[in-house]
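# Reading the structure
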Amino acid sequence: MKVAFLDRDGTIIKDYPDEKWSSIKHPEFLEGSIDGMQKLIANGYHIIIITNQYLINDGIITLDQYQQFTQEFLSICQNNNINILEIYFCPHNEQDHCNCKKPKPGMINQALAKYNIDLNNSIYCGDSEADYLLAKHFNLPFYAISSSLDYPDIIKCDSILDVCHYLELT
Ligand SMILES: [Mg+2]
Ligand SMILES: [Zn+2]
């Protein structure tokens, strides 16, 4: 299967400064992310979300808060006929020395162990340097969403829908 690996915060939904996340209860979808994900799916991509959530182990949000937020996120996706194959999240912070905090490869390795993923036809969309480095680790084409990242091998896009335009998806 081909997969669109998507970062969550700043790529699909609005991101905030770390401390502000403690008071954020509802996901705010960015322009072009719902239609973009719909278009990716219509063109045969499966969607896997990989998200760093070190705010959990930093004590800024609770695991319960994360899960409630995720439930609402998923129900909005469902209401828009967007099936998310999997969400992988890393709750760890730097001191945990885990193997899943992006750009470490743990979350994508988990996906590769579970699904038969054709990396040659898969893509990665994100907005941070950690996303870029992770994408490069797996040799995935990297689409930078509304990001100031500057590397010669990234493709800059305004939104996930814009990625679909770039890929000439119909
Ligand atoms: Mg992000
Ligand atoms: Zn981790």
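Because the structure is a prediction, the values reported are computed rather than measured.

## Comments concerning the pattern of salt bridges
Counted by the stated rule, this structure contains six salt bridges. Across the pair aspartate 131 and lysine 102 runs a salt bridge whose closest N-O atoms are separated by 2.9 Å. Of this pair, aspartate 131 sits in helix α4 (residues 129–137) while lysine 102 sits in the loop between β3 (84–90) and α3 (106–114); the two residues are 29 residues apart in sequence, bridging distant segments of the chain. Exposure remark for lysine 102: the relative accessible area of 5% places this residue in the buried category. We note a salt bridge from lysine 136 to aspartate 153, for which the minimum N-O separation is 3.5 Å. Remark: aspartate 153 occurs in the loop between β5 (142–145) and β6 (154–157) and lysine 136 occurs in helix α4; sequence separation between them is 17 residues. Given a relative accessible area of 35%, aspartate 153 falls into the partly exposed group. Each of the salt bridges in this network shares a partner with another, and the network as a whole consists of Asp7, Lys102 and Asp131.

## With respect to the coordination of the zinc ion (ligand 2)
Every protein donor of the zinc ion (ligand 2) is accounted for by Cys90 (SG), His92 (ND1), Cys98 (SG) and Cys100 (SG), and the metal-donor separations fall at 2.0 to 2.3 Å. Given four donor atoms and angles of 100 to 117° at the metal, the environment of the zinc ion (ligand 2) is assigned as tetrahedral. Along the chain, the residues donating to the zinc ion (ligand 2) fall in the pattern C-x1-H-x5-C-x1-C. Classification of cysteine 90 as buried rests on a relative accessible area of 0%.

## What to know about the UniProt feature "active site" (unreviewed entry) in the protein
Mapped onto this numbering, the UniProt entry annotates "active site" (unreviewed entry) at Asp7 and Asp9. Relative to the helices and strands, aspartate 7 is located in the loop between β1 (2–6) and α1 (33–42). Those residues in contact with aspartate 7, other than ones at most four positions away along the chain, are Ile12, Ile50, Lys102, Cys125, Gly126, Asp127 and Asp131. A polar side-chain atom of aspartate 7 sits 2.9 Å from a polar atom in the side chain of threonine 11. As for its placement among the helices and strands, aspartate 9 is situated in the loop between β1 and α1. If we ignore the near neighbours within four places in the chain, the residues touching aspartate 9 are Asp15, Trp21, Thr51, Gln53 and Asp127.

## Remarks on the coordination of the magnesium ion (ligand 1)
Within the protein, the magnesium ion (ligand 1) binds to Asp7 (OD), Asp9 (O) and Asp127 (OD); these donor distances fall in the range 2.1 to 2.2 Å. In terms of primary sequence, the donors binding the magnesium ion (ligand 1) are separated according to D-x1-D-x117-D. Residue aspartate 9 is classed as buried on the basis of its relative accessible area of 10%.

## Focus: α1
Those residues of α1 that sit buried are Ser33, Ile34, Gly36, Met37 and Leu40. One side of α1 carries all its buried residues, which in axial view fall inside an arc of 165°. Turning to α1, the residues buried within the fold contact β1, β2 (45–52), α2 (63–79), β3, β4 (123–126) and α5 (160–166). Looking at the residues trailing α1, positive phi occurs at glycine 44, about 90°.

## Section: the pairing of β4
By the alternation rule, side chains of β4 split into Ile123 and Cys125 and Tyr124 and Gly126, which are all buried. The pairing of β4 with β5 spans three bridges and is parallel. Within β5, the position partnered with glycine 126 by the bridge is alanine 144. In this region the chain leaves β4, passes through α4 and returns to the parallel neighbour β5; the handedness of that crossover is right-handed.

Parameters and conventions
- Residues numbered from 1 in each chain as written.
- Chains lettered and ligands numbered in written order.
- Predicted model: local features only at pLDDT ≥ 70, side-chain atom pairs only at ≥ 80, totals over all residues.
- Heavy atoms only, no water.
- Salt bridge = Lys/Arg side-chain N within 4 Å of Asp/Glu carboxyl O.
- Helix = DSSP H or I, 4+ residues; strand = E, 2+ residues; numbered from the N terminus.
- Buried < 20%, exposed > 50% of the residue type's maximum accessible area, 1.4 Å probe, protein only.
- Donors = N, O, S within 2.8 Å, 3.2 Å for Na, K, Ca; no water.
- Tetrahedral: all angles 85-135°; square planar, octahedral: opposite > 155°, others 65-115°.
- UniProt positions renumbered as here; feature names shortened; annotations may be inferred.
- Contact = heavy atoms within 4.5 Å.
- Polar contact = N/O pair within 3.5 Å; in protein donor to acceptor, adjacent residues only side chain to side chain.
- Arc of directions from axis to C-beta.
- Pairing = 2+ DSSP bridges.
- Right-handed = clockwise from strand over helix to strand, strands pointing away.

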